[in-house]
Structures are given as structure tokens and as C-alpha cells.
Amino acid sequence: SQPQYSWLAKRLNEWKEEGKIQKVRELSLIAEEDVGCSVAQLALAWCVKNPNVSTVLLGASKPEQLKENLVAVDVARRLTEEQMAKIEHVLGNKPFPYQGYGGAGRRQIESSL
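Small disclaimer: the values here were computed from a predicted structure and weren't measured. (Residues numbered from 1 in each chain as written. Predicted model: local features only at pLDDT ≥ 70, side-chain atom pairs only at ≥ 80, totals over all residues. Heavy atoms only, no water.)

*Asks:* So what exactly am I meant to see when it comes to the overall build of the protein chain here?
*Replies:* Regarding its fold elements, the protein chain presents five helices and zero strands. Beginning at the N terminus, the succession of helices and strands in the protein chain can be written as α-α-α-α-α. Summing over all exposed atoms, the protein chain offers an accessible surface of approximately 8500 Å²; the carbon and sulfur share of this is 55%. (Helix = DSSP H or I, 4+ residues; strand = E, 2+ residues; numbered from the N terminus. Areas by Shrake-Rupley, 256 points an atom, 1.4 Å probe, with all protein chains shown as cover.)

*Asks:* Can you help me understand the side chain of Q83 in this one?
*Replies:* Within the secondary structure, Q83 sits in helix α5 (residues 81–91). Exposure remark for Q83: the relative accessible area of 13% places this residue in the buried category. (Buried < 20%, exposed > 50% of the residue type's maximum accessible area, 1.4 Å probe, protein only.)

*Asks:* How should the pattern of salt bridges be read in this particular structure?
*Replies:* Between side chains of opposite charge, a pair can form when the charged atoms approach closely. What the rule picks out here adds up to four salt bridges. The shortest N-O distance in the salt bridge between E18 and K20 comes to 3.1 Å. (Salt bridge = Lys/Arg side-chain N within 4 Å of Asp/Glu carboxyl O.)

*Asks:* Just to check I follow, could you spell out α5 for this structure?
*Replies:* When α5 is considered as a whole, its buried residues turn out to be Q83, M84, I87, E88, V90 and L91. Looking down the long axis of α5, one finds its buried residues gathered within 160° of arc, a one-sided arrangement. Projecting away from the buried face of α5 at angles above 90 degrees are the exposed residues E81, E82 and H89. Looking at the buried residues of α5, the elements they touch are α2 (20–35), α3 (39–49) and α4 (63–78). Among the residues trailing α5, G92 stands out with phi positive, at a value near 65°. (Arc of directions from axis to C-beta. Contact = heavy atoms within 4.5 Å.)

Below, the structure is given as C-alpha cells:
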């Protein structure tokens, strides 16, 4: 290993120990085998479909990246509740629903997807 990359090796080892690398592997399988998309498209589609997310920002430096990212809208339409549950299970960090300012009441975000 190169000395200038020792920080990266350390970080990757930490992620491996924390189980993050395994989660990425599992999400990659879901994307490729269950949904038929890239991991990036799955991540964006999960955000679009998630009722706790109100806005999804795309980052692209090339037109090809933007085109790939926009496919996530179609992927979100195809995602089933079972697939969403599978993703949530892998992530293991589903937040509680938003309860409004001061916990005054649940705000349901409606999605046409």
C-alpha cells in the first residue's frame, strides 16, 4: 500500500468493521438482481419513494450522469413495498415519521409514485 493512501486504507477498514461495506454489497445485489438498476439509481429511487424525504437533489457534472440519475424516477415507480422493506432492513436506520413542529402531529408527505 502507498503511504499517501494510508488514510483511505484506514477508513475502508473502519467501514468494513462497522458493516458499511457489507451493506453496500447487499444493496448492490438488490439493485442489480431485484430491481434491475444501478446502486445510484436505487439510492435516488429510495429517496423519491420515501415518505420522510421531501426533496431529492441530483448531482451531476456530465449530461450522461444526469440522464442516469433521472432514470431513478422510473425505478421509484417500479419499487414495490417488499423491495422497500428489503432496503430498509439492510440499512437498519429507518427514522421515525415526522411528527410536526414540537411533535404536534404527523405530517404525511404524499407522493404520486
